[in-house]
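Structural characterization, general
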Amino acid sequence: QVQLVESGGGLVQAGESLRLSCAASGRTFSYMGWFRQAPGKEREFVGTISWRGGTTSYADSVKGRFTISRDNAKNTVYLQMNSLKPEDTAVYYCAARTRMVVSTTPGSFDYWGQGTQVTVSA
């Protein structure tokens, strides 16, 4: 049974940092992704990382502030979020993709976590 379990969300002030974790189990994946969804908006791509080589890519809105990393031994992916802004407020989702081609669209990911709330106050 595949499971993706996120943790680390919370309430912070603008300019502060948070680190989200996503523990994966049940099978191997080619890519892990982070997405977010704010109230009334569509789910949007944040970043992705390949399990094998650790290659990352990011949305322009978070580039330079967010960093994705992985710990293969723990089957865990992290999203380090620095210099947070109120517009980063959203539910953040971890997702896993089995196909060996990078993608940034939510529909191309096969498994999803339950989401964790991140709220950034001004």
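Above this text you will find the structure in question.
A few points on the structure. (Residues numbered from 1 in each chain as written. Predicted model: local features only at pLDDT ≥ 70, side-chain atom pairs only at ≥ 80, totals over all residues. Heavy atoms only, no water.)

Digging into the overall build of the protein
Using the following cut-off: Every helix listed is a DSSP run of H or I at least four residues long, and every strand listed is a run of E at least two residues long, numbered separately from the N terminus. Here the radius of gyration uses the C-alpha set of atoms, whereas the globule reference equals 2.2 Å times the residue count to the power 0.38. Working definition: with a 1.4 Å probe on protein chains only, accessible area under 20% of the residue-type maximum means buried, over 50% means exposed, and in between means partly exposed. Contacts are assigned to residue pairs that have any heavy atoms within 4.5 Å of one another. The method behind every accessible area is Shrake-Rupley, applied with a 1.4 Å probe, and residues are considered shielded solely by the protein chains displayed.
What the protein contains, in helices and strands, is 0 helices and 11 strands. Order of helices (α) and strands (β) in the protein, N terminus to C terminus: β-β-β-β-β-β-β-β-β-β-β. Expected size for 122 residues packed as a compact globule is a radius of gyration near 14 Å; at 13 Å, the protein falls within 12% of this value. Seen along its three principal axes, the alpha-carbon backbone of the protein occupies a region of about 40 × 30 × 25 Å. Per-residue burial for the protein yields a buried fraction of 43% across its 122 residues. In the protein, of all internal contacts separated by at least 6 residues, the share reaching a separation of at least 24 is 56%. When the accessible surface of the protein is totalled, it reaches about 6,300 Å², and 47% of it is carbon and sulfur.

Quick look at the packing of aromatic side chains
How we decide: Two aromatic rings from Phe, Tyr or Trp, using only the six-membered ring of Trp, form a pair when their centres are within 6.5 Å; if the ring planes differ by under 30 degrees the pair is stacked, by over 60 it is edge-to-face, and anything between is tilted.
Tallied over the entire structure, the rule returns 6 aromatic pairs. A centroid spacing of 5.7 Å and a plane angle of 65° characterise the contact between Phe29 and Tyr111, whose relative ring orientation is edge-to-face. Of this pair, Phe29 sits in the loop between β3 (18-25) and β4 (31-37) while Tyr111 sits in strand β10 (residues 111-112), and the two are 82 residues apart along the sequence. Seen from their ring centres, Tyr93 and Trp112 are 6.3 Å apart, and the 80° between their planes marks the pair as edge-to-face.

Section: the side chain of Thr76
We apply this condition: We call two N or O atoms a polar contact when they sit within 3.5 Å, provided that within protein one can donate a hydrogen and the other can accept it, with sequence-adjacent residues counted only if both atoms are side-chain atoms.
The topology assignment puts Thr76 in strand β8 (residues 76-81). Within polar-contact distance, the side chain of Thr76 engages the backbone oxygen of Lys74 at 2.9 Å. When neighbours within four sequence positions are excluded, Thr76 is seen to be in contact with Ser21, Cys22, Ala23, Trp51, Ser69, Arg70 and Asp71.

A short note on the nonpolar core
Just so we agree on the cut-off: To qualify as a nonpolar core, a set must consist of buried Ala, Val, Leu, Ile, Met, Phe, Trp, Tyr and Cys residues joined through side-chain atoms within 4.5 Å.
If you look at the biggest cluster of nonpolar residues, it comprises 32 residues, and the most contacted ones within it are Leu4, Met32, Trp34, Phe66, Leu79, Met81 and Tyr92. Secondary structure elements with two or more residues in this core: β3, β4, β5 (44-50), β7 (66-71), β8, β9 (90-97) and β11 (116-121). Sequence-distant contacts of Tyr92, that is, excluding residues within four places in its chain, are made with Glu6, Leu20, Phe35, Arg36, Val46, Phe66, Leu79, Met81, Gly115, Thr116 and Val118.

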